[in-house]
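The residues making up each chain are set out below.
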Amino acid sequence: MIGAASAPLIKKIVRGTVKSSVKLALDARRVAHEINEDLSDIAAEATAEVFAADLKEGSEVPRQTAKKVRPTTATP
């Protein structure tokens, strides 16, 4: 009798816990994305500064290296 009466309460507690966990995961993902964007911006600025310094010194225009292609692995 007590178990059947407490089932809705347990369901609400579990649902709230799962909902909070999902919100926390989404917030963490958003923050990680923002940090990644910031780091990409910093890297781009640093690269531009290095290229500008090379050009100022009179060296040839630096060539951007091609991205390395990672081999793909087939999954059975």
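As shown above, the structure is provided for reference.
Below is a short write-up of the structure. Note that the structure is predicted; figures quoted are calculated from it, not measured.

Thresholds applied
Residues numbered from 1 in each chain as written. Predicted model: local features only at pLDDT ≥ 70, side-chain atom pairs only at ≥ 80, totals over all residues. Heavy atoms only, no water. Salt bridge = Lys/Arg side-chain N within 4 Å of Asp/Glu carboxyl O. Helix = DSSP H or I, 4+ residues; strand = E, 2+ residues; numbered from the N terminus. Buried < 20%, exposed > 50% of the residue type's maximum accessible area, 1.4 Å probe, protein only. Patch = residues over 30% accessible without salt bridge, like charges linked within 9 Å, V, L, I, M, F, W, Y side chains within 5 Å. Areas by Shrake-Rupley, 256 points an atom, 1.4 Å probe, with all protein chains shown as cover. Lys, Arg positive; Asp, Glu negative; His and termini not counted. Charge placed at Lys NZ, Arg CZ, Asp CG, Glu CD.

### Quick look at the pattern of salt bridges
Thought 1: One pass over the structure, following the stated rule, counts one salt bridge.
Thought 2: Of the charged contacts in the structure, one is a salt bridge between Glu-34 and Arg-30, with a shortest N-O distance of 3.1 Å. Taken as a pair, Glu-34 and Arg-30 lie in helix α1 (residues 2–56) at a separation of four residues, close to a single helical turn.
Thought 3: Taking relative accessible area as the criterion, Glu-34 reaches 37% and is therefore assigned partly exposed.

### Here's the deal with a positive patch on the surface
Thought 1: A contiguous patch of positive charge, built from Lys-11, Arg-15, Lys-19 and Lys-23, is present on the exposed surface.
Thought 2: Relative to the helices and strands, Lys-11 resides in helix α1.
Thought 3: A relative accessible area of 63% places Lys-11 in the exposed class.

All we've got here are geometric facts, nothing functional implied.
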